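Tertiary structure, described
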Amino acid sequence: MHGRWCALSVWEKSSTARVVPSARPRKLAKVPFVELADGRLQGVVSSGSDIGRVYVSSVEAGSFAFACSTNNNRPCGGARGWFCNHIRALIGEAVLQYGVERVARYLKAEVAGEAPDADSVTHAMTATRPAQGDSSAAAQVFSRFLRQLAYLELAPTTAPLPEMQWFPTTRAVA
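Quick summary incoming for the structure in this document. (Residues numbered from 1 in each chain as written. Predicted model: local features only at pLDDT ≥ 70, side-chain atom pairs only at ≥ 80, totals over all residues. Heavy atoms only, no water.)

**Examining the overall build of the chain**
A count of helical and extended segments in the chain gives 6 helices and 4 strands. In the chain, the order of α-helices and β-strands from amino to carboxyl end is α-α-β-β-β-β-α-α-α-α. Residue burial in the chain is summarised as follows: out of 174 residues, 36% are buried. Long-range contacts, defined here as pairs at least 24 residues apart, represent 52% of the contacts in the chain between residues at least 6 apart. By element, 55% of the accessible surface of the chain is carried by carbon and sulfur atoms, the whole surface being about 11,400 Å². (Helix = DSSP H or I, 4+ residues; strand = E, 2+ residues; numbered from the N terminus. Buried < 20%, exposed > 50% of the residue type's maximum accessible area, 1.4 Å probe, protein only. Contact = heavy atoms within 4.5 Å. Areas by Shrake-Rupley, 256 points an atom, 1.4 Å probe, with all protein chains shown as cover.)

If you want it as structure tokens, here you go:
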């Protein structure tokens, strides 16, 4: 056990969550938030036409039911019976963040071919003609995105954050 801790950074040693590096670096301008959570690939995608608008997009694992709406719950005009460009961008960034194998496995998408990529994951899902799902999770996803932004604005410190006090310290003895 001691050898494992030697290879970790100070931040990783003090963290209770496992740190998984990105499969490949990605730019955050188009898709600033992407996660595999709650049985969905979900995230926030910037609007191509309005700097003040973002879309909350998701694809459900297994059924591939998809949803896309603005941050103020207006439906996406492009998600009318098929994956819109926001969902396609979300899939592409998820593949960069987590790797194609992990994304396909999480979504339960059977990807064919020798070198699968984001397009092959998208094709595997759209070939099943998925239904449009509801956007009831959009508020929760957008809230997590805003929480992440708030943490990014904090100055670097080793002092505990009041809202994180319920996490046990690394030196706690049971």
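Next comes the rest of the write-up.
**So, the pairing of strand β2 (residues 40-46)**
Remark: a regular strand shows side chains that alternate across the two faces of the sheet. In terms of residue burial, β2 counts as a mostly covered element, since 7 of its 7 residues are buried. Burial along β2 is two-sided: the face carrying Arg 40, Gln 42, Val 44 and Ser 46 and the face carrying Leu 41, Gly 43 and Val 45 are both buried. Of the strand pairs in this sheet, strand β1 (residues 33-37) and β2 are connected by 5 bridges, and their pairing is antiparallel. When the bridges of β2 are listed, Ala 37 appears paired with Arg 40. Between the antiparallel neighbours β1 and β2 lie 2 residues, among them Asp 38 with a positive phi of about 55 degrees. For β2 and strand β3 (residues 54-60), the ladder comprises 7 bridges, and the chain directions are antiparallel. Directly across from Leu 41, in β3, lies its bridge partner Val 59. (Pairing = 2+ DSSP bridges.)

**As for the nonpolar core**
Considering soluble globular proteins, one finds that nonpolar side chains tend to be buried as a cluster. If you look at the biggest cluster of nonpolar residues, it comprises 29 residues, and the most contacted ones within it are Leu 41, Ile 87, Ile 91 and Met 125. Counting residues per element, this core draws most heavily on helix α3 (residues 85-98), which supplies 6 residues. With residues near it in sequence (within four places) discarded, Ile 87 still touches Ser 57, Ser 58, Val 59, Phe 66, Ala 67 and Cys 68. Val 54, Ala 138, Val 141 and Phe 142 belong to the second largest nonpolar core, which has 8 residues in total. (Core = buried A, V, L, I, M, F, W, Y, C linked by side-chain atoms within 4.5 Å.)

**Quick word on the packing of α3 against helix α4 (residues 100-107)**
Running from amino to carboxyl end, α3 crosses α4 at an angle of 120 degrees, the nearest separation of the two axes being 7 Å. Judged by the angle between their axes, α3 and α4 are oblique. Residues Ala 94, Val 95 and Tyr 98 of α3 form the contact with α4, whose participating residues are Val 100, Arg 102 and Val 103. Classifying every residue of the contact of α3 with α4 gives 5 nonpolar, no polar and 1 charged. (Axes fitted to C-alpha atoms, helices over the stretch in contact; angles between N-to-C directions. Parallel < 35°, antiparallel > 145°, perpendicular 65-115°, else oblique. Nonpolar A, V, L, I, M, F, W, Y, C, P; charged D, E, K, R; others polar.)

**A word on the pattern of salt bridges**
Tallied over the entire structure, the rule returns 4 salt bridges. With a shortest N-O distance of 3.8 Å, Asp 38 and Arg 40 are connected by a salt bridge. Look at Asp 38 and you get partly exposed, because its relative accessible area is 45%. According to the relative accessible area criterion, Arg 40 is buried, its value standing at 16%. The salt bridge involving Asp 50 is made with Arg 53; its shortest N-O contact spans 3.5 Å. Overall, the relative accessible area of 31% leaves Asp 50 in the partly exposed class. (Salt bridge = Lys/Arg side-chain N within 4 Å of Asp/Glu carboxyl O.)

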